[in-house]
Amino acid sequence: METALQKLVTKNWNRAVPMSALFELTFVCNHACSFCYNCPTGQKEMTTAEIFEALRKLADFNVLYLTLTGGEPLVRKDFFEIARRARELGFALRIYTNGYLIDEAMAKRIKEIANPIEMEISIHGAKPETHERLTCVPGSLQRVIDAVKHLRAQGIKVNLKCPMTCDNQEEVLDMYRLAQSLEANIIFDPVITPRDDGDKDPLRLMASEDFLRRFWQDDEYAGARRELVPVARNDAPGEAVCGTGRASLAIDPYGNIYPCVQWRRSAGNIKELKELKTMWHTSPVLIEVRKAAVEMADRLRTQKEAGQSGVFCSFCMGVAELQTGDPLGYYPQAARNAEFRLKAYEAWKAKTGESAEDAGGVLAKCGM
């Protein structure tokens, strides 16, 4: 049965009332990850005062959840000023970080000032040499492990995020076990994206097809993928393929407003707007994005796109536009993951005779 919160989220989703915003405070980072999508332009990043004013506009627009990210947000000298102001305005905070700067004292300060509902830290391998091959920073894996320990000691929820690559794919289970030992969640992402400027070089790091087949089909990966068996997507309650420009928005360090962090179509600059409401409901960019999200959901649901595997597809219109030039273009990564998910479901159904609804029940019972 749908909860009151779920009903509110669905209602706001369909009415395009945003509940969350992601704020890239800086593109500066103390790591040099080879697949990073950020593309700094050399413009002057927002000052503390400009960020404070942007936060006020977001609060006036009734945004509830605010994610502070980068680059690496903790390299900003005014980070805790920003976090304090965000808390004063009533935001529920999330922080995305690489964890490198978080020692015991920093973790205590994060708890005291930001008091985030959760933090997300990137991890790229279970072995130091694997993680550091991507970050290009010696000792960075141990700093992640230490950061998680310090944050958990403060009672802060931690999610580890791992883009699965050809370098770390055989360490996925070890990373899953490491996360369990640290009392942290871990989320594995099977999609490597192009850079924001369209450079596709990061795609050379994609996990192999053999590994992705195993990841979606083999029982040993059930915990890591957070589902016993892949089940079909259900877009009916929310009508759109994703919440880009609908349930959320993103702001870059220069003040540009985007439908989401992956889809860099500027709908305006927050420094130049008196308030967000008018822009949100009249922007041609956002109107087009919302329309495209509904159309893509229909294509996947009715098998106009991708055939039977469409309903098993996790689709990102921002990635689609970067890779194909069309936000509705069915890009290769989405296609192959959807196909592997479909085959995994069909194999499970043939073995058990269970329906999709029964699969959901099994997942619920397993707590996944």
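Structure first, text after, so check above.
Residues numbered from 1 in each chain as written. Predicted model: local features only at pLDDT ≥ 70, side-chain atom pairs only at ≥ 80, totals over all residues. Heavy atoms only, no water.

A. The arrangement of the environment of R226 in detail. Along the polypeptide, R226 turns up in the loop between α9 (222-225) and β7 (248-251). For R226, a relative accessible area of 46% corresponds to the partly exposed category. Residues R226 and I186 lie 40 residues apart in sequence; the distance between their C-alpha atoms is 9.2 Å. (Helix = DSSP H or I, 4+ residues; strand = E, 2+ residues; numbered from the N terminus. Buried < 20%, exposed > 50% of the residue type's maximum accessible area, 1.4 Å probe, protein only.)

B. A look at the pattern of salt bridges. Tallied over the entire structure, the rule returns 22 salt bridges. Measuring nitrogen to oxygen at the nearest pair gives 3.7 Å for the salt bridge that ties E104 to K108. With a gap of four residues between them, E104 and K108 both fall in helix α4 (residues 104-114), about one helical turn apart. The closest approach of N and O atoms between R133 and D167, which form a salt bridge, is 3.8 Å. With R133 in helix α5 (residues 128-135) and D167 in the loop between β5 (158-163) and α7 (172-181), the pair connects residues that are 34 residues apart, well separated along the chain. Its relative accessible area of 44% is what places R133 among the partly exposed residues. Here the salt bridges share partners, and the residues they tie into one network are E170, D210, R213 and R214. (Salt bridge = Lys/Arg side-chain N within 4 Å of Asp/Glu carboxyl O.)

C. Here's a closer look at the packing of α5 against helix α6 (residues 140-153). Between α5 and α6, the least distance of the axes is 8 Å, while the angle of their chain directions is 105 degrees. For the element pair α5 / α6, the angle class is roughly perpendicular. Contact residues: α5 offers P128, H131, E132 and T135, while α6 offers S140, L141 and V144. Residues that form the contact of α5 with α6 fall into these classes: three nonpolar, three polar and one charged. (Axes fitted to C-alpha atoms, helices over the stretch in contact; angles between N-to-C directions. Parallel < 35°, antiparallel > 145°, perpendicular 65-115°, else oblique. Contact = heavy atoms within 4.5 Å. Nonpolar A, V, L, I, M, F, W, Y, C, P; charged D, E, K, R; others polar.)

D. Quick look at the packing of helix α8 (residues 209-217) against helix α13 (residues 332-352). One can describe the packing of α8 onto α13 by two numbers: an axis separation of 9 Å at closest approach and a directional angle of 40 degrees. Here α8 is positioned oblique relative to α13, judged by the angle of their axes. Where α8 crosses over α13, the handedness of that crossing is right-handed. Along the contact surface, α8 presents E209, L212, R213, W216 and Q217, while α13 presents R336, N337, F340, R341, K343 and A344. Of the residues in the contact of α8 with α13, the class split is four nonpolar, two polar and five charged. (Left-handed = near helix turned anticlockwise from the far one by under 90°.)

E. Geometry of the environment of L68. Inspection of the secondary structure assignment puts L68 in strand β2 (residues 65-69). Along the primary structure L68 and T278 are separated by 210 residues, whereas in three dimensions their C-alpha atoms are 24 Å apart. Excluding residues within four positions of it along the chain, L68 makes contact with F23, L25, P73, F79, I82, A83, L93, R94, I95 and Y96.

None of the figures reported here should be taken as evidence of function without further support.
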